Amino acid sequence: MKTPALKFLTLLPAAMLACATYAQDAKPAAASTTVAPASHVTSPPFAAVVNDTVISSSEFDAAANEAARKKFYHGTPPEGAIDQLVRDVANSMIDRLLLVDEIKRQGLKPDAKAIDAKIADFDRRYGSSPRWQQERASILPKLHERLEQDDMLEALEAKIRKVAAPAEDKVRAYYKANSEKFTEPEKMRVSVIVLKVDPSSPTAAWQAAATEAGALRMQLVEGGADFAALARKHSADDSAAQGGDLGYLHRGMLPEGIQEKIDDMKPGDLSEPTRILQGYALFRYEAHQAPKHHDFATVRTRATDLLMREQSEAAWTQFVARLRKNARIELNTQRYAALGKPNQPVK
């Protein structure tokens, strides 16, 4: 049994994490969420064994805690999120080990020039740091190994993901089976006048803006004023130069609350003065464009690209699944109970 495992995971390896501390303008560390194992008493000190390679508990804990720090930062993880993160980290580490073994089996070689360029970039970024100068020699071997692995893994993934262009009958079948992907959703053309009010302004300022918005609406409804002209003169929105025209918008592009208001309108309607975060606004529903399904000739290229993308993703997923199927994977569910839970299991 080989031990310890290679430094892996999609996170930065220890050597590269250390490099970050050499920056002269270091920022204070953010609060982190600690991912603790289920038991430290009788459980062996490993997270998993993949074929003959051990993922030590210390290595796994460091990776999981770093992932938690990045994912949750100052926030409190939602219920079950830590267990899922533990499973995700385990999956990443196991997959990387299997893929590293595969690049060895296939005899892939790293791009030496690309690796040298990346090392040179580290020297440029941290060359003025006394610590980098002092520890560069000890860090460089592991950093170089990691960069070589990453380069070969990228080459392996590109190789597996490369799929042949599908025949037209396959593309047509994909087009017919995925009609929604080739249908342009409905759009609405909306114009707006925004009377800006600072959120911290007193009630009187908000009331004054509401009154002004009402007066502008009166000019539009009873006086026949031109909406675009009023927008250019009074609106604080970026659209003022275009006469308040926001163009055609897909459903969901407008903030919650405003979308519902537009939904109750029809083309040509003018809203009542509406309080929004920035102040008070008047909306005019200019036009509606119904959903439009594009014919095959128009979207042939897009359909081909989407199908190839899905085939590429399937090829990669199936490839990794085969590596897992042929591997011997032992999980330490006594120490890490989340690894044994049925929700998205690691094996």
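Before any of the text, the structure's been laid out above.
Residues numbered from 1 in each chain as written. Predicted model: local features only at pLDDT ≥ 70, side-chain atom pairs only at ≥ 80, totals over all residues. Heavy atoms only, no water.

**Some thoughts on the overall build of the protein**
Tallying secondary structure elements over the protein gives ten helices and nine strands in all. The burial tally for the protein puts 39% of its 347 residues in the buried class. Taking the intrachain contacts of the protein between residues at least 6 apart in sequence as the baseline, contacts between residues at least 24 apart amount to 76%. For the protein, the exposed area adds up to about 19,900 Å²; of that, 53% sits on carbon and sulfur atoms. (Helix = DSSP H or I, 4+ residues; strand = E, 2+ residues; numbered from the N terminus. Buried < 20%, exposed > 50% of the residue type's maximum accessible area, 1.4 Å probe, protein only. Contact = heavy atoms within 4.5 Å. Areas by Shrake-Rupley, 256 points an atom, 1.4 Å probe, with all protein chains shown as cover.)

**A word on the environment of V299**
As for its placement among the helices and strands, V299 is situated in helix α10 (residues 296-325). Classification of V299 by relative accessible area gives buried; the value is 8%. Linking V299 and F182, residues 117 residues apart in sequence, is a C-alpha distance of 7.1 Å.

**Focus on the packing of helix α6 (residues 168-177) against α10**
At their nearest, the axes of α6 and α10 sit 9 Å apart, and the two run at 95° to each other. One finds that α6 runs roughly perpendicular with respect to α10. Contacts from E168, K170, V171, R172, Y174 and Y175 in α6 reach F296, V299, R300, A303, T304, L306, L307 and E310 in α10. Residues of the contact of α6 with α10, tallied by class, amount to eight nonpolar, one polar and five charged. (Axes fitted to C-alpha atoms, helices over the stretch in contact; angles between N-to-C directions. Parallel < 35°, antiparallel > 145°, perpendicular 65-115°, else oblique. Nonpolar A, V, L, I, M, F, W, Y, C, P; charged D, E, K, R; others polar.)

**Focus on the pattern of salt bridges**
If you walk through the whole model with that rule in mind, you get 23 salt bridges. Here D263 and R251 are joined by a salt bridge, their closest N and O atoms 2.8 Å apart. In this pair, D263 sits in helix α9 (residues 258-263) while R251 sits in the loop between β5 (245-250) and α9, placing the two residues twelve residues apart along the sequence. Three or more residues are tied together by salt bridges with common partners; here these are E66, R69 and K70. (Salt bridge = Lys/Arg side-chain N within 4 Å of Asp/Glu carboxyl O.)

**Some details on the sheet that holds strand β2 (residues 53-56)**
Pairing between the strands of a sheet comes from backbone hydrogen bonds, and it takes one of two forms, parallel or antiparallel. Here we have three strands laid out as an open sheet, ordered β2-β1-β9, and antiparallel in their pairing. Lying at the two open borders of the sheet, with one neighbouring strand each, are β2 and β9 (329-331). Pairwise comparison of adjacent strand axes, ignoring direction, gives a mean angle of 15° for this sheet. Pairing analysis gives four bridges linking strand β1 (residues 46-50) to β2, with the strands arranged antiparallel. Paired with V50 across the strands is T53, a residue of β2. (Pairing = 2+ DSSP bridges.)

**A look at unusual backbone geometry**
The phi dihedral of N51 is positive, around 55°, even though this residue is not glycine. By the secondary structure assignment, N51 is in the loop between β1 and β2.

**Some thoughts on the sheet that holds strand β6 (residues 274-276)**
Strand order in the open sheet formed by four strands is β5-β4-β7-β6, with antiparallel pairing between adjacent strands. Pairing within the sheet leaves two strands with one partner each, and these edge strands are β5 and β6. Strand-to-strand, the axes of this sheet are offset by a mean angle of 45°, without reference to chain direction. With four bridges joining them, strand β4 (residues 187-196) and β5 adopt antiparallel strand pairing. Counted as the bridge partner of M188 is L249 from β5. Contacting β4, β6 and β7 (279-289), helix α7 (residues 203-221) crosses the sheet at an angle of about 35° to β7. Taken strand by strand, helix α8 (residues 227-234) contacts β4 and β7, and its axis lies near 40° from that of β4.

**Topic: the packing of helix α4 (residues 112-126) against helix α5 (residues 130-161)**
Between α4 and α5, whose axes approach to 10 Å, the crossing angle comes to 145°. Considering the relative orientation of α4 and α5, their crossing is right-handed. In contact with A114, I115, D116, K118, I119, F122, D123 and Y126 of α4, α5 contributes W132, R136, L140, L143, H144, L147, E148 and D151. Broken down by class, the residue content of the contact of α4 with α5 amounts to nine nonpolar, one polar and six charged. (Left-handed = near helix turned anticlockwise from the far one by under 90°.)

**Structural notes on the nonpolar core**
Residues V50, I55, F60, L85, V89, L99 and F319 are the most contacted members of the largest nonpolar core, which totals 35 residues. Looking at this core, the elements that each hand over two or more residues are β1, α2 (57-72), α3 (81-106), α5 and α10. At twelve residues, α3 tops the list of elements feeding residues into this core. Setting aside residues up to four positions removed in sequence, F319 forms contacts with L99, E102, Q106, L156 and I160. Ranked by size, the runner-up nonpolar core spans 14 residues in total, among them L216, L270, Y280 and L282. (Core = buried A, V, L, I, M, F, W, Y, C linked by side-chain atoms within 4.5 Å.)

**Some points on α8**
Within the span of α8, buried status applies to F227, L230 and A231. Down the axis of α8, the buried side of the element spans an arc of 100°, and every buried residue falls inside it. Exposed positions of α8 whose direction lies more than 90 degrees from the buried face are R232 and K233. Of the surrounding secondary structure, the elements contacted by the buried residues of α8 are β4, α7 and β7. (Arc of directions from axis to C-beta.)

**Here we look at the packing of aromatic side chains**
Using the criterion set out here, one finds nine aromatic pairs in the structure. Taking the centre distance of 6.3 Å and the plane angle of 20° together, the rings of F122 and W132 count as stacked. Of this pair, F122 sits in helix α4 while W132 sits in helix α5, and the two are ten residues apart along the sequence. Residue W132 is classed as buried on the basis of its relative accessible area, which comes to 2%. Pairing Y126 with W132 gives two aromatic rings, centres 6.0 Å apart and planes at 50°, and the pair type is tilted. (Phe/Tyr/Trp six-rings, centres within 6.5 Å; stacked < 30°, edge-to-face > 60°.)

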